[in-house]
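Structural characterization, general
The primary structure of each chain is shown beneath.
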Amino acid sequence: MLSNQLVFNYHLQKFYDEKVIERKNQIVNTIDEIARVVYDVLKEVEIQEPRFISQLNESRGKYEGISVLSPYEYEVVLYLNQMGVFNFVDDNSAPGCALLKLSDGRKRSMSLWVEFITASGYLSARKIRARFYALVAQACEKCLCKDLVKLLPNDSSGTTEVRLKIRDKYVVHVVPAFKCNNIWPKSASGWPATKHWPSETQVNEVKQEGFHLLSKESPGTREKQQQQQIMQQQQSSSEGDSWVISFADAEDKLLTGGTRRKCLSILKTLRDRHLDLPGQVINYYIMKSLVLYECEKHPYDWEWEESNLGDRLNGITLQLIACLQSRRFPAYFSPQVDLFRGKDHRYLDLAAKITWKLQRELLFNSRCLDQL
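Description of the structure in this document. Quick caveat: nothing in here was measured; it's all calculated off a predicted structure. (Residues numbered from 1 in each chain as written. Predicted model: local features only at pLDDT ≥ 70, side-chain atom pairs only at ≥ 80, totals over all residues. Heavy atoms only, no water.)

**Quick word on the overall build of the chain**
Counting its regular elements, the chain contains ten helices and eleven strands. Taken over C-alpha atoms, the radius of gyration comes to 22 Å for the chain, in line with the 21 Å a tight globule of 372 residues would show. Among the 372 residues that make up the chain, the fraction classed as buried is 50%. Sequence separation of at least 24 residues holds for 70% of the intrachain contacts in the chain that already meet a minimum separation of 6. In the form shown here, the chain has an accessible surface area of approximately 18400 Å², with 49% of it arising from carbon and sulfur atoms. Seen as two clouds, the 50 positive and the 46 negative side-chain charges of the chain have centres 2 Å apart. (Helix = DSSP H or I, 4+ residues; strand = E, 2+ residues; numbered from the N terminus. Rg over C-alpha atoms; globule rule 2.2 N^0.38 Å. Buried < 20%, exposed > 50% of the residue type's maximum accessible area, 1.4 Å probe, protein only. Contact = heavy atoms within 4.5 Å. Areas by Shrake-Rupley, 256 points an atom, 1.4 Å probe, with all protein chains shown as cover. Lys, Arg positive; Asp, Glu negative; His and termini not counted. Charge placed at Lys NZ, Arg CZ, Asp CG, Glu CD.)

What follows is the structure in C-alpha cells.
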C-alpha cells in the first residue's frame, strides 16, 4: 500500500500537469494580447515625447518589463534613459523608497529631465508621473487600438498612476522607471539574512544586477493623501518626489534550482482558485516572497527535490497564515516595508481563515488536490 506522502506527490504532479500548466498557458496568451495594445499606446507616447522610449519588445517568447500581478492585473515597466547626473539617496526616505538628487547643481541643464527637477535638486517621480499620465491620455485617443483601451481616471487620493483597462477585462499599470546597476540600497543592507542561502556567487550577481526605481506611489504616501484630501502638507510632497525601490529582477534571479519555480507556480494556481479574495490581500508578489523566505529556511537543493515539494508547500501556507494573523508581512529584501500595510483587517482575517481551511486539506487529505 502506497504511503500518504507518495499518494500526495502523485496527485500534486497531476494537479501541476492539469491545472498549473493550463493557468500558465492562459497567462502567456493574455500577456501576448495586452502587450500588443500597450505597445501601440507607448509608440504613440514616444511620437509625442521622444524621451519616453518604448522598449516593449518580445524576445524568445517573453516581454521584458511585464509582471503578472494576478490573472487580470499586470504591470509594464517603461525604462527611462540618462540617470547619470543624479545620485541615489535612500537616507531618511520613506520605507522602500529613495530619492534621485543632482550630483552637482551646475549639471541641472545637462539633465534630460530638467523640468522635472525640484528646487532642492531632486528628480521628482510625481512630476514625471503626471507628465506621463497626460501623454498616455492623448495616446489612448490617437492610437490604432483606441477602441480596445481606455485610461482609468485618477482615484479619490489624486494619484496620477497610469492604469489602462484593456478589452474591459484587464488592468495594466504602466510605470516609468530607472535601472540601477552595480549599486545596492542601504535599506537592503541586511540581506542576505543567512549564510547558507543564497551562495556567495548568487549574492554578488544579484547585487551587480541591482534594482529598479519606479515612479509609483508608496502605500504610505497614498494613505496620507486619502486622509488629507483637502489639506496638503509639505512633508508628503517629498515622499511624492521619491521613487519606489523594486527588486523584481533580483527576486527572479534567486528562484532557480530544484522545484522553486514549480512551487511558486503551484502557489499562484492555488491562489487563483481559492485565495482570490476581497481586498486582494494575497497577490502573486506575496506568494513569491513566501517562497524566498522558505528558501532561507531550507537552503539546500535536496530540500527542493520533487519528493519534498509537499513539505515546502505546507511550510509556506503555515507561514502565510502566521503573517495574516499578525497582520504584517515584511518585504523580503526590505523587511521594514510591510506588504500588508493599509489592508483592511477584516479581509486579512478572512484570508487567514480560508488559508487555514486550505492548509488542513493539504495536511490531512492526500487526494485533496483532485478537488482543489
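**Re the packing of aromatic side chains**
Counted by the stated rule, this structure contains 18 aromatic pairs. With centroids separated by 6.0 Å and ring planes inclined at 15 degrees, the aromatic side chains of Tyr72 and Tyr170 adopt a geometry described as stacked. Of this pair, Tyr72 sits in the loop between strand 3 (66–70) and strand 4 (73–79) while Tyr170 sits in strand 9 (residues 170–180); the two residues are 98 residues apart in sequence, bridging distant segments of the chain. Consider the rings of Phe211 and Phe247, whose centres lie 6.1 Å apart with planes at 50 degrees: the pair is tilted. Taken together, the residues span a long stretch of sequence, with Phe211 in strand 10 (residues 211–214) and Phe247 in the loop between strand 11 (243–246) and helix 6 (248–254) at a distance of 36 residues. (Phe/Tyr/Trp six-rings, centres within 6.5 Å; stacked < 30°, edge-to-face > 60°.)

**Things to note about the packing of helix 7 (residues 260–274) against helix 9 (residues 309–326)**
Interaxial distance between helix 7 and helix 9 falls to 11 Å at its minimum, and their mutual angle equals 55 degrees. Taken as axis vectors, helix 7 and helix 9 run oblique relative to one another. For the pair helix 7 and helix 9, the sense of crossing is right-handed. Counting all contacts with helix 7, which are made through Lys262, Cys263, Ile266 and Leu267, the residues of helix 9 involved are Leu309, Leu313 and Ile316. When its residues are assigned to classes, the contact of helix 7 with helix 9 shows six nonpolar, no polar and one charged. (Axes fitted to C-alpha atoms, helices over the stretch in contact; angles between N-to-C directions. Parallel < 35°, antiparallel > 145°, perpendicular 65-115°, else oblique. Left-handed = near helix turned anticlockwise from the far one by under 90°. Nonpolar A, V, L, I, M, F, W, Y, C, P; charged D, E, K, R; others polar.)

**Some points on unusual backbone geometry**
The omega angle of the peptide bond from Trp191 to Pro192 is 0 degrees, so this bond is cis rather than trans. Positionally, Pro192 belongs in the loop between strand 9 and helix 3 (200–209). For the bond from Trp197 to Pro198, the omega torsion is -5 degrees, close enough to zero to count as cis. With respect to the secondary-structure elements, Pro198 resides in the loop between strand 9 and helix 3. Although it is not a glycine, Arg167 adopts a positive phi angle of roughly 55 degrees. Inspection of the secondary structure puts Arg167 in the loop between strand 8 (162–166) and strand 9.

**Topic: the nonpolar core**
Judged by nonpolar contacts, the single largest core of 100 residues is most densely connected at Leu123, Leu164 and Phe333. Ranked by residues supplied to this core, first place goes to helix 1 (residues 4–48) with 14 residues. Among all residues touching Phe333, those that are not within four sequence positions of it are Trp184, Ser187, Ala188, Trp191, Val206, Phe247, Ala250, Glu251 and Leu254. Core analysis: the second largest hydrophobic core is formed by eight residues, Val77, Cys97, Val175 and Val244 among them. (Core = buried A, V, L, I, M, F, W, Y, C linked by side-chain atoms within 4.5 Å.)

**Observations regarding the side chain of Gln359**
With respect to the secondary-structure elements, Gln359 resides in helix 10 (residues 345–364). Residues contacting Gln359, with those up to four places away along its chain left out, are Asn314, Thr317, Leu318 and Ile321.

**Considerations on helix 10**
Over its 20 residues, helix 10 runs 29 Å from end to end, which matches the ideal 28 Å to within 8%, given 1.5 Å per residue. Turning to helix 10, its buried residues number three or more, namely Leu348, Ala351, Ala352, Thr355, Leu358, Gln359 and Leu362. Seen end-on, helix 10 carries its buried residues on one side only, within an arc spanning 135 degrees. Exposed residues pointing more than 90 degrees away from the buried face of helix 10 are listed as Arg346, Lys353, Lys357 and Phe364. Those residues of helix 10 that are buried lie in contact with helix 1 and helix 9. (Expected span 1.5 Å × (residues − 1). Arc of directions from axis to C-beta.)

**Observations concerning the pairing of strand 3**
Where strand 3 meets strand 4, four bridges bridge the pair, whose relative direction is antiparallel. Following the sheet pairing, Ser70 is matched in strand 4 by Glu73. With antiparallel pairing between neighbouring strands as the criterion, strand 3 and strand 4 make up a hairpin whose turn holds two residues. (Pairing = 2+ DSSP bridges.)

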